[in-house]
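Coordinate analysis (summary)
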Amino acid sequence: MNIHEYQARQLLRAHGIPVPPGEVATTPAEAERIAAGFGGTVVIKAQVHAGGRGKAGGVKLAGSPAEARLKAEAILGMMIKGLTVRQVLVAPAEDIASEAYVGIIVDRASKRPVFMVSREGGVDIEEVAARNPGAIRRLAVDPRFGLLSFQAYQLATALYDDLKQQRACARILQQLYAAFVAAGASLAEINPLVTNGTGEVKALDAKMNIDDNELDRRPDIAALRDTSAEPPAETLAREAGLTFIKLDGDIGNVVNGAGLAMATMDLIKYYGGEPANFLDIGGSSNPEKVVNALRIITTDPNVKVICFNIFGGITRCDDVANGIVEATRRIHIPVPLVIRLTGTNEAEALRILAGAGLSATTSMDEVVQQAVALAKNQG
Amino acid sequence: MAILIDQSTRLLVQGITGRDGSFHTRQMLEYGTRVVGGVTPGKGGQTFDGPGGSAVPIFNTVADAVAATGANTTVIYVPPPFAADAIMEAADAGVALIVAITEGVPVLDMTRVYPYVREKGVRLVGPNCPGLISPGKSKVGIMPASIVRPGPVGVVSRSGTLTYEFVYLLTQAGIGQTTCVGIGGDPINGTSFIDCLQAFEQDPETEAVVLMGEIGGTDEQQAAAYVKANMSKPVVGFIAGQTAPPGRRMGHAGAIISGSAGTAAEKIQVFAENGIGVACKPSDVVGLIQAVL
């Protein structure tokens with residue numbers, strides 16, 4: 001799950017990290033009022049779940065409250081990477097002497113949380129990694145001990161030469177690690193970590209991604225989810241226990257299992273079609289899940305055909321067949337369905353479908369070719 | 001021969017009385033797996049009724065179960081909040097192999113579990129995996145028995161149903177398997193592709209290996225380098241997620257393309273460069289395997 005910058009800033013502040021003040025506005029008038037409260041120059045920052053906000057014009061300086069209103073007006077409602085900006089963060093502009101990067105990710109290779117720090121802050125860390133990998137210092141943390149003081153100090157010396165700044169930075173790194181663990185994050189970044197004219201070290205921007213598997217045991221973090229920042233169909237899918245990602249093509253698909261779902265999308269492309277979505281109904285599927293899957297896919301006006309690819313293991317083919325038949329009774333499905341069912345209770349499933357005038361194949365190649373042909377015919 | 005599980009596997013089921021645990025225990029017993037005990041705290045002393053009048057004793061702890069049954073393997077069906085503890089309990093009790101089926105284990109939990117299990121010298125497969133099957137010998141986990149047949153091909157994959165698809169295609173073409181292993185789709189799992197490749201290389205009955213990877217991470221690239229340097233047996237590979245958009249998690253927690261790393265195109269290229277035959281689509285696997293057997 002993604003959270004917004006202002007939410008991540010709050011989590012870091014709660015762990016003692018010096019984060020400059022800032023407030024969220026949803027209207028230009030509110031932005032003006034907040035800017036007036038701070039006085040001086042403020043920065044207005046789009047709050048969306050997308051990187052590259054600055055380049056997209058989603059971050060602007062304003063020298064007066066009136067200008068803050070104008071800048072907020074320009075940013076609110078703009079689209080950044082397909083997402084509408086509904087909130088802006090208004091914060092006093094900082095006098096910046098240096099910008100560094102600090103971040104933690106869960107690293108697959110070392111199977112540990114790994115810190116990355118760099119003197120090159122304020123830019124995308126992937127960019128630094130590609131251009132100047134030597135500028136990034138890495139440290140793997142043993143999660144049983146956490147980030148030890150000497151380790152934090154070692155990292156801090158890679159960023160600052162001044163002893164006071166090194167100590168301040170080391171403290172921030174330990175606080176960042178604590179915030180990362182407490183939130184159940186898979187990524188936590190401060191970019192940039194700045195020093196100002198008086199030499200103070202502060203977190204100017206914050207980003208955290210939360211491991212979805214942590215949300216059940218962290219209701220306070222789960223409550224940070226902003227459903228207005230994600231496509232409505234994806235919210236609907238999540239609430240129905242499905243994993244759904246909308247894509248740009250015209251062939252809808254319903255699959256059980258993430259690997260098979262990706263392979264189905266790939267096969268659609270292989271035969272010359274374009275997938276309209278990724279949709280995994282998961283294991284132990286009950287008929288209701290299938291109804292919900294069809295309900296979600298049929299909201300996409302681009303979809304010309306819907307392709308089922310089910311390999312029954314835990315998922316029973318008869319459950320899926322019942323779901324398909326149920327869906328055709330309860331909702332209007334304006335496009336043809338092509339169905340592949342193999343595995344657990346396959347014969348029963350085919351009987352159920354036949355009873356409703358539907359047919360199915362047992363070959364993945366065949367069903368995808370049928371789907372691509374149907375999508376083309378409806379050009 | 002086979003890898004990791006065979007007729008000598010003496011299995012415990014952690015979470016044997018739960019919905020998934022009880023269903024799959026019956027399936028494993030029907031396949032002939034020697035399920036010697038179950039573990040559910042508070043239900044020690046009871047028995048689990050299997051098919052054909054069989055009965056499996058239930059214990060409160062894994063330690064009790066190992067002491068009483070001499071189990072050497074355990075399979076875990078407990079819910080995600082308790083899975084990390086269940087894995088460490090099993091490692092502490094001295095089994096040699098732990099298969100964690102549970103989906104949804106927090107990755108920070110796994111950062112603690114992994115070193116714990118490793119220091120005990122125990123092999124962990126999973127979590128978030130379908131388990132293993134050595135056709136005709138033993139089945140541990142949830143893979144459907146109807147689609148496998150004994151034969152010379154080792155199968156290793158990150159996913160569940162995609163594995164079934166490949167195994168089904170092989171079996172339909174008359175090509176059987178030594179062992180099929182699902183290592184799981186999470187970013188941190190106990191057993192890697194390389195662990196399985198090494199075992200297949202050493203297994204005298206395995207003549208070729210099919211490896212199904214997906215987007216995210218660099219495990220497939222490392223596996224490819226391993227194949228080139230260490231494998232005498234032919235390997236055929238497939239990568240799922242060629243059409244996946246960057247930055248989006250494709251169901252599996254591990255299946256996310258971040259930055260430029262972990263794309264399908266990159267992995268396919270590395271496979272080809274390291275002598276792994278690449279199946280462009282699942283059904284290509286049959287021809288590729290027939291060509292090397």
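Residues numbered from 1 in each chain as written. Chains lettered and ligands numbered in written order. Predicted model: local features only at pLDDT ≥ 70, side-chain atom pairs only at ≥ 80, totals over all residues. Heavy atoms only, no water.

1. Observations concerning the overall build of chain A
Each helix and strand in chain A was counted, giving 13 helices and 17 strands. Once the C-alpha set of chain A is aligned to its principal axes, its extents read approximately 80 × 50 × 40 Å. Carbon and sulfur atoms form 51% of the exposed surface of chain A, whose accessible area is close to 15,400 Å². Positive and negative side-chain charges in chain A, numbering 39 and 43 respectively, have mean positions lying 3 Å apart. (Helix = DSSP H or I, 4+ residues; strand = E, 2+ residues; numbered from the N terminus. Areas by Shrake-Rupley, 256 points an atom, 1.4 Å probe, with all protein chains shown as cover. Lys, Arg positive; Asp, Glu negative; His and termini not counted. Charge placed at Lys NZ, Arg CZ, Asp CG, Glu CD.)

2. Some thoughts on the sheet that holds strand E11 (residues 177–182) of chain B
Residue and element names in this part refer to chain B. The strand order E9-E8-E11-E10-E12-E13-E14 describes an open sheet built from 7 strands, whose pairing is mixed. Two strands bound the open sheet, and with one partner strand each, they are strand E9 (138–141) and strand E14 (277–278). Docked against the sheet, helix H8 (residues 264–273) engages strand E12 (208–214), strand E13 (235–240) and E14, running at close to 170° with respect to E13. Helix-sheet contacts for helix H9 (residues 284–292) involve strand E10 (150–157), E12, E13 and E14, and the interaxial angle to E12 is about 150°. (Pairing = 2+ DSSP bridges. Contact = heavy atoms within 4.5 Å. Axes fitted to C-alpha atoms, helices over the stretch in contact; angles between N-to-C directions.)

3. Focus: the pattern of salt bridges
Residue and element names in this part refer to chain B. Per the stated rule, a full pass over the model turns up 32 salt bridges over all chains. A salt bridge links Arg123 to Asp195; the nearest nitrogen and oxygen atoms lie 3.4 Å apart. With Arg123 in strand E7 (residues 123–125) and Asp195 in helix H6 (residues 193–202), this residue pair connects regions lying 72 residues apart in the sequence. Under the relative-accessibility criterion, Asp195 is labelled partly exposed at 24%. (Salt bridge = Lys/Arg side-chain N within 4 Å of Asp/Glu carboxyl O. Buried < 20%, exposed > 50% of the residue type's maximum accessible area, 1.4 Å probe, protein only.)

4. Describing empty space enclosed by the protein
Residue and element names in this part refer to chain A. Throughout the structure, instances matching the rule amount to 1 cavity of 30 Å³ or more. Volume-wise, the largest cavity comes out at about 50 Å³. The wall of the largest cavity is formed by His4, Gln47, Val48, His49, Leu83, Thr84, Arg86, Gln87, Asp226, Ser228 and Ala229. Residue classes in the lining of the largest cavity are distributed as 3 nonpolar, 6 polar and 2 charged. (1 Å grid on protein atoms, 1.4 Å probe; cavity = no way out; pocket = protein on both sides within 12 Å on 5 of 7 lines; lining within 4 Å. Points joined across faces, edges and corners; volume = space filled by probe spheres on them. Nonpolar A, V, L, I, M, F, W, Y, C, P; charged D, E, K, R; others polar.)

5. Quick word on helix H9 (residues 258–270) of chain A
In a regular helix each residue adds 1.5 Å, so 13 residues correspond to 18 Å; H9(A) covers 18 Å between its end C-alpha atoms and thus fits that length. Note on H9(A): the residue one or two positions beyond its end, A:Gly272, has a positive phi of about 95°. (Expected span 1.5 Å × (residues − 1).)

6. Some points on the environment of A:Leu70
Residues and elements named next belong to chain A. Structurally, Leu70 can be placed in helix H3 (residues 65–75). Given the relative accessible area of 54%, Leu70 is considered exposed. Here the alpha-carbon distance between Leu70 and Glu32, two residues 38 residues apart in the chain, equals 8.5 Å.

7. Notes on the interface of chain A and chain B
In this assembly, 45 residues from chain A lie in contact with 52 residues from chain B. With both chains or domains summed, chain A and chain B bury close to 4,000 Å², and 61% of this area falls on carbon and sulfur atoms. The interface formed by chain A and chain B includes 3 salt bridges. With a closest N to O distance of 3.3 Å, B:Glu119 and A:Arg144 form a salt bridge. For the interface between chain A and chain B, the tally reads 11 residue pairs in polar contact (both at pLDDT 80 or more). (Buried area = accessible area lost by both parts, 1.4 Å probe. Polar contact = N/O pair within 3.5 Å; in protein donor to acceptor, adjacent residues only side chain to side chain.)

8. Points about the side chain of B:Glu220
All names here are of chain B. Structurally, Glu220 is set in helix H7 (residues 219–230). Polar contacts involving the side chain of Glu220 include one to the side chain of Lys267, which spans 2.5 Å. Residues in contact with Glu220, not counting those within four places in the same chain, are Arg158, Phe193, Gly213, Glu214, Ile239, Lys267 and Phe271.

9. Quick notes on a nonpolar patch on the surface
Residues and elements named next belong to chain A. On the surface, Phe145, Leu148 and Phe150 cluster together to form a nonpolar patch covering roughly 330 Å² of accessible area. Take Leu148: it is sitting in the loop between strand E9 (136–140) and helix H5 (149–159). The class for Leu148 is partly exposed, based on a relative accessible area of 33%. (Patch = residues over 30% accessible without salt bridge, like charges linked within 9 Å, V, L, I, M, F, W, Y side chains within 5 Å.)

10. Topic: the layout of surface pockets
As a volume, the second largest pocket reaches approximately 370 Å³. Lining the second largest pocket are 20 residues; nearest its centre among them are A:Lys111, B:Tyr114, B:Gly190, B:Ser192 and B:Asp195. When contributions to the lining of the second largest pocket are tallied by element, the ones reaching two or more residues are helix H4 (107–119), E7, H6 and H7 of chain B. Looking at the lining of the second largest pocket, its residues break down into 8 nonpolar, 6 polar and 6 charged.

11. Here's the deal with the domain arrangement of chain B
Quite often, the size of an interface is put as the accessible area lost when its parts meet. All names here are of chain B. In terms of domain boundaries, chain B breaks down into domain 1 (10–125) and domain 2 (144–292). Of the residues lining the interface, 9 residues belong to domain 1; the matching set on domain 2 comes to 12 residues. The contact between domain 1 and domain 2 buries some 810 Å² in all, and 63% of this surface belongs to carbon and sulfur atoms. Taken together, the links from domain 1 to domain 2 amount to 1 salt bridge. Taken together, the connections running from domain 1 to domain 2 amount to 3 residue pairs in polar contact (both at pLDDT 80 or more). Elements with a contribution of two residues or more to the side of domain 1 that touches domain 2: H4 and E7. Counting residues per element, the side of domain 1 that touches domain 2 draws most heavily on H4, which supplies 4 residues. Considering only residue class, the side of domain 1 that touches domain 2 consists of 7 nonpolar, 1 polar and 1 charged. (Domains from an automatic or database assignment.)

12. Let's talk about the packing of aromatic side chains
Under the counting rule described, the total for this entry stands at 6 aromatic pairs over all chains. Summarising the aromatic geometry, the rings of A:Tyr270 and A:Tyr271 are spaced 5.1 Å apart at their centres and angled 90° between planes, so their arrangement reads as edge-to-face. Looking at A:Tyr270, the relative accessible area reads 42%, which means it is partly exposed. Here A:Phe311 and B:Tyr164 contribute two aromatic rings whose centre-to-centre distance is 6.0 Å and whose plane-to-plane angle is 65°, an arrangement assigned as edge-to-face. One end of the pair, A:Phe311, is in strand E16 (residues 305–312); the other, B:Tyr164, is in helix H5 (residues 161–172), on a second chain. Taken as a pair, A:Phe311 and B:Tyr164 share a single burial class, namely buried. (Phe/Tyr/Trp six-rings, centres within 6.5 Å; stacked < 30°, edge-to-face > 60°.)

13. Quick look at the sheet that holds strand E2 (residues 42–46) of chain A
Residues and elements named next belong to chain A. If you trace the 4 strands from one edge of the open sheet to the other, you get E1-E6-E2-E3, paired in antiparallel fashion. This sheet does not close on itself; its edge strands, each paired only once, are strand E1 (23–25) and strand E3 (59–62). The mean inter-strand angle of the sheet, taken between neighbouring strand axes irrespective of direction, is 30°. When E1 meets strand E6 (residues 88–92), the two strands line up antiparallel, connected through 3 bridges. Pairing of Glu23 across the sheet is with Val90, part of E6. Of the strands in this sheet, E2, E3 and E6 are in contact with H3, which crosses E3 at around 165°.

14. Considering helix H13 (residues 364–377) of chain A
Residue pairs three or four apart in sequence face the same way in an α-helix, which turns once every 3.6 residues. Along its 14 residues, H13(A) runs 20 Å from first to last C-alpha, staying within 8% of the 20 Å computed at 1.5 Å per residue. N-capping of H13(A) is provided by A:Ser363, with a side-chain oxygen placed 3.3 Å from the backbone N of A:Asp365.

15. Observations concerning unusual backbone geometry
The step from A:Asn191 to A:Pro192 runs through a cis peptide bond, and the omega angle for that step is 10°. Mapped onto the secondary structure, A:Pro192 falls in strand E10 (residues 185–196). That bond from B:Gly126 to B:Pro127 is cis: its omega, 10°, falls within 30 degrees of zero. Looking at where B:Pro127 falls in the secondary structure, it is placed in the loop between E7 and strand E8 (131–134). Of note in this structure, A:Asn345 is not a glycine but carries a positive phi near 60°. The residue A:Asn345 is located in the loop between strand E17 (337–343) and helix H12 (346–355) in this model. Positive phi, normally seen in glycine, also occurs at B:Leu4, with a value near 65°. Inspection of the secondary structure assignment puts B:Leu4 in the segment before strand E1 (10–14).

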